[in-house]
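Architecture at a glance
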Amino acid sequence: MDVELKFPIFLVLLIPAFFLIYLYFKQINTSRSPEKVVIGCLRAFLFLLIIFALTMPQILLPIKEEMIIFLTDRSASFEDAENGVLDWLDESIQSKKGNQTFAVASFADGAIVEQSLSNKKTVLDQYNGKLKTDETNLEEGISFAASMLKPEQSGRIVLLSDGNETAGNSKEAAKLLKNQNLELDYVQFKQKFREDMSITKLDVAPALYEGEKANLTVSIASNVEKSAELRISVNNQDILHKQVLVKEGQNEFSFSHIASEPGMSIFKAELAAEGDTFIENNSLYAVTNVKGTPRVLVVQGNQEDPLVKILQSSGLIVDRLIPEKLPTTLAGFLQYQSIIFNNVPGTKVTEQQMNLIEKAVKEFGTGFVMLGGEDSFGLGGYFKTPIEKLLPVDMDIKGKKEMPSLGLVIVIDRSGSMSGNKLTLAKEAAARSVELLREKDTLGFIAFDDRPWVIVETAPLENKKKVIEKIRSVSVGGGTNIYPSLEKAYQELKDLKLQRKHIILLTDGQSAAGGDYQSLIEKGKENHITLSTVALGSDADRNLLEDLAGQGKGRFYDVTDASVIPSILSRETVMTTRTYIEDHPFYPAVQPYPEWTAIFQNGIPKMNAYIAVTAKTRAEVPLISEKKDPILAQWHYGLGTSLAFTSDMTGKWSGDWANWANWPNFLNQIVAKSLPHFDSEPFRFTIEKENGNTVVHLKAEDGQFLPLDVSVVSQNGIVMDTNSKPTAPGEFEVKFPNKPGMYFLRVKQTTEGGQDKLFQTGFSVPYSDEYLLKGTNHELLRELAVLTGGKELKTAKEAFRPLKQKPKKKESISEWLLLAAFLLLVFEILLRRLGFQPFRSLLHLLKKTSKKGEQGGTEVLQQLSRAKAKIKANVENKREFTKAESKQEIKKEKRQDQEQTTPVKRKQTVAVVSPEEKEERMKRLLEAKKRKK
């Protein structure tokens, strides 16, 4: 048994302690007595106990219990070994000993417990936890298994894996195991042969000119020879679809393609083969920038206006899309130099698509133009959306005091089917509507399930913040019953003296009960109440809701994407006022901006109407109305330029502008101002993986050591958290967390002269190495075992073999030492106060009591022996004694003994104390009393 001192520094206190003891013995040297010597020794031992307790001594006791953690690999490369692993575990635990417990953990990209610690001989028959299988993070798995063992516990980790590490550093984790005296064993499993082929490389020149022939190279790795189908596309348009023969090993195929579309071109190679194991490694991307005529995207409905033809006549390449067909990835927008929204309602553009457009403008310099109309700006529902964020104008307007009095009641479904994102977006939409209203406007908010719940009483707004908090506090309820809540909304508005009264009803289900909707709405019309409805999702009663909106003189919205709900409610709030439209003819005023004044040298046409908006602080406003509202506004947003023209293209609102001779020049000027104006400065770049991160190495052609502004954005529009740093003159390193997919890189560099240079491209982070079949990494597994003192297990029984190193647990004894010191201190005080005499008397009394006890015991034994002898004699004489008679014989013997011993005692007493002795004792007693006096 070993002893360990936690604070050995306190042993230095022994020096002054022994010095004090030395002084004590020196002091009593002249009058030394046994009591003083013993007290000195007790004090010395007391000092020793207290000082030793201060050092926090711990005795090391061996731990008998052993714990085995089975760590199983569940990554994609090892998934076919699952059944074999579970069978091996079942066989292994049959050899478990009584002092051994085990647990099962699994890992891939993360780690979880599959079976908690147990001493029973039963193991799981299937995995229960969920893990991402696209990585093998051995380091995380080993660290997780080690955390299941307490520091004082002894144990072993048994690793069941192919050892193909794709993330983390398992050797660092193994070193920590060694410090904890934990062993790591491993087991090799033979896996079945699986056919697989993968695209390992797609090469295309990073920059091309329009009409240039591009060379494409596709590299394919395969572990079997067979035919496969290869397809290559550019911006989702197929340019090659071919059957190829793939041989075992590395294969390369070359093709050519003429770059016909300017802008950013995203090439994608895809491979399909029968019996292929992984589909994750069958596609790769490559990006190139094609220089040529600018390409713009016009987004509008089916209306016919001259915008597209005017832009095409100026030499631009124009694509036209309806809002429902907008791209859903960032790549779909980056192929255009500018995006134009021509009277597009925000209710037809999802929140995700708006976010992608905002990222394209801010991070990559794509231009954006919004043109007016009855479905645009505030009337289109763009209030507080990403589109409003990038525009030079706010959808809310000043001068709300001129608006008619308004009463609005929002009725929202809170049934169980609205749980999650639906109800959250509905509440956020209602909050936006509150912000659009004036303080004196009337608002009510009703949430319903199987009955109506009045969240905000219908009354003039006084505290918007408090009302918004109430709206956001609504939680999910039960069933769905529309009629009572709609009836409640009409009752709230019918007696109010307001110029505009409107109800917005939103639900995603069907009412459990009916009602007389027609009579309700007809009575509402008499009180000038209008109704709009929103059907959310495929389960909503579209027919009913559309019919209600038609009868209520409102609008019906059929919504499949819940993210457009905020745009719908803000649009409804604005549409209810109708004062956002300024519809009186006027002549716009031209502000002194040279690039615009030249167009209006021969005068400015009359305009009929526009949508009222408010210019942002940094925006430039070349054209304003008589009320000082912006007609044309522009500004720089991030790297891009956006413009807002608040009238329309058809002539209905723009009036004489549609027939104006300079109308085509004016429109071309708007689009030209939105196009990127950076001098492109290419960089050479390479991509590699490093410790779970993707690293982009950039090298400037001119080698200038100037700071860079770098942004990396994913295909979904998420700006990655990057770490950029220079590594050499003109060379930079950009690092961000590794995740396979398509990314877009934007680099902005400002020269010493203040000129901005922009480089943008895209790149593909390949699939994880997890999807490359490499076999078992014997070398890594063997190295991990050697580092920790483990080994390869040949049989399942070896998992529960005795541990090489028996760890010990630490048990503190400071408390026991202090208790001993306390008892010793009490004994020392008693000895110092009373001396040895009490202890001597106590010892004498104990001895005397002991002797009497011995004599009494001897007499009793003698009585018992005589009684037994008499009983035996009677038995021999064939006399039978009862139990009572036996007791009587024993009592009789006792009486005889007493009668014999009593006279003897009396004689002894008389003989010992004589009269002479009594007289002598009295004399000594009198002399003693005299001396005391």
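The structure this text deals with has already been given above.
Treat the numbers as computed from the prediction; the structure is a model and nothing was measured.

Each value, and the rule that gives it
Residues numbered from 1 in each chain as written. Predicted model: local features only at pLDDT ≥ 70, side-chain atom pairs only at ≥ 80, totals over all residues. Heavy atoms only, no water. Pairing = 2+ DSSP bridges. Helix = DSSP H or I, 4+ residues; strand = E, 2+ residues; numbered from the N terminus. Axes fitted to C-alpha atoms, helices over the stretch in contact; angles between N-to-C directions. Core = buried A, V, L, I, M, F, W, Y, C linked by side-chain atoms within 4.5 Å. Buried < 20%, exposed > 50% of the residue type's maximum accessible area, 1.4 Å probe, protein only. Contact = heavy atoms within 4.5 Å. Polar contact = N/O pair within 3.5 Å; in protein donor to acceptor, adjacent residues only side chain to side chain. Patch = residues over 30% accessible without salt bridge, like charges linked within 9 Å, V, L, I, M, F, W, Y side chains within 5 Å. Areas by Shrake-Rupley, 256 points an atom, 1.4 Å probe, with all protein chains shown as cover. Salt bridge = Lys/Arg side-chain N within 4 Å of Asp/Glu carboxyl O. Phe/Tyr/Trp six-rings, centres within 6.5 Å; stacked < 30°, edge-to-face > 60°. Expected span 1.5 Å × (residues − 1). Parallel < 35°, antiparallel > 145°, perpendicular 65-115°, else oblique. Nonpolar A, V, L, I, M, F, W, Y, C, P; charged D, E, K, R; others polar. Right-handed = clockwise from strand over helix to strand, strands pointing away.

1. Some words on the sheet that holds strand β8 (residues 197–203)
The strand order across the open sheet built from three strands is β8-β10-β13, with neighbouring strands paired in antiparallel fashion. Either end of the sheet is taken by a strand with one partner, and the two such strands are β8 and β13 (249–258). If you compare each strand with its neighbour and ignore which way they point, the axes differ by 20 degrees on average. Inspection of the sheet shows β8 paired to strand β10 (residues 213–222) by six bridges, in the antiparallel sense. Its bridge partner lying in β10, M197 is registered against S222.

2. Some thoughts on the nonpolar core
Ranked by internal contacts, the top residues of the largest apolar core, which has 53 residues, are F341, I357, F368, F377, I387, L391 and F744. For this core, the element with the most residues is helix α8 (residues 351–364), which contributes six residues. Here L391 is in contact with F368, M370, F377, K616, W635, S642, L643 and A644, once residues within four sequence places are set aside. Formed by 33 residues, the second largest nonpolar core is a distinct cluster that contains I410, F445, L461 and I468.

3. What about the side chain of R156?
Inspection of the secondary structure assignment puts R156 in strand β6 (residues 154–160). One polar contact links R156 to D185, side chain to side chain, over a distance of 3.1 Å. In this structure R156 touches M67, I68, I69, E183, D185, E798, A799, F800, R801, P802 and L803, once residues within four positions along its chain are discounted.

4. A word on a nonpolar patch on the surface
A grouping of F7, I9, F10, V12, L13, I15, I50, L54 and M56 is seen on the molecular surface, where their side chains present a nonpolar patch of about 780 Å² in accessible area. Relative to the helices and strands, L13 resides in the loop between β1 (2–5) and α1 (14–27).

5. Focus on the packing of aromatic side chains
For the structure on display, the rule yields 27 aromatic pairs. Seen in terms of ring centroids, F364 and F744 are 6.3 Å apart; in terms of plane orientation they differ by 85 degrees. Their pairing is edge-to-face. Placement of the pair is F364 in helix α8 and F744 in strand β40 (residues 741–750), with a sequence separation of 380 residues. For F744, a relative accessible area of 0% puts it in the buried group.

6. Brief notes about the sheet that holds strand β16 (residues 295–299)
The mixed open sheet is built from eight strands, whose spatial order is β17-β16-β18-β19-β33-β32-β31-β28. The open sheet is flanked by β17 (317–321) and β28 (589–590), the only strands paired with a single partner. Bridge count between β28 and strand β31 (residues 620–624): two bridges; the pairing is antiparallel. Bridging from a neighbouring strand, A589 pairs with I624 of β31. Strand contacts of helix α17 (residues 663–674): β16, β18 (338–342), β19 (367–371), β31, β32 (630–637) and β33 (640–645), with the helix running at about 145 degrees to β33, the strand carrying the most contacts.

7. What to know about the pattern of salt bridges
Inspection of the entire model under this criterion finds 36 salt bridges. Across the pair R432 and E428 runs a salt bridge whose closest N-O atoms are separated by 4.0 Å. On the criterion of helical spacing, the pair formed by R432 and E428 is a turn pair, its members being four residues apart in helix α10 (residues 421–436). Judged by relative accessible area, R432 falls into the buried class, the value being 7%. Overall, the relative accessible area of 28% leaves E428 in the partly exposed class. We note a salt bridge from E731 to K699, for which the minimum N-O separation is 3.8 Å. In this pair, E731 is assigned in strand β39 (residues 731–737) and K699 in strand β36 (residues 693–700), connecting sequence segments 32 residues apart.

8. A few points about α8
For an α-helix, the turn length of 3.6 residues means that residues three or four places apart are oriented alike. For α8, spanning 14 residues, the distance from its first C-alpha to its last is 19 Å, which sits close to the expected 20 Å at 1.5 Å a residue. Burial runs high along α8: ten of the 14 residues are buried. When α8 is considered as a whole, its buried residues turn out to be Q353, M354, L356, I357, E358, K359, A360, V361, E363 and F364.

9. Section: the environment of G378
With respect to the secondary-structure elements, G378 resides in the loop between β19 and α9 (386–390). Residue G378 is classed as buried on the basis of its relative accessible area of 2%. Along the primary structure G378 and A612 are separated by 234 residues, whereas in three dimensions their C-alpha atoms are 8.3 Å apart. Ignoring any residue separated from it by four or fewer positions in sequence, one finds G378 in contact with M395, R571 and V574.

10. Quick notes on the packing of α1 against helix α2 (residues 34–54)
Put simply, α1 and α2 touch, their axes get as near as 10 Å, and they point 175 degrees apart. Considered as vectors, α1 and α2 are oriented roughly antiparallel to each other. The residues of α2 that touch α1, namely those facing L14, A17, L20, I21, Y24 and F25, are K36, V37, I39, G40, C41, R43, A44, F47, L48 and I51. Broken down by class, the residue content of the contact of α1 with α2 amounts to 13 nonpolar, one polar and two charged.

11. So, the pairing of strand β22 (residues 442–448)
Within β22, seven of the seven residues are buried, which leaves it mostly tucked inside the rest of the structure. With burial as the criterion, each face of β22 is covered, one bearing T442, G444, I446 and F448 and the other bearing L443, F445 and A447. For strand β21 (residues 406–413) and β22, the ladder comprises seven bridges, and the chain directions are parallel. Opposite I410, over in β22, you have F445 as the bridge partner. Each parallel crossover has a hand, and the one from β21 via α10 to β22 is right-handed. Note that β22 and strand β23 (residues 452–460) share six bridges and pair antiparallel. Paired with F448 across the strands is P452, a residue of β23. Counting the residues between successive antiparallel strands, the hairpin from β22 to β23 contains three residues.

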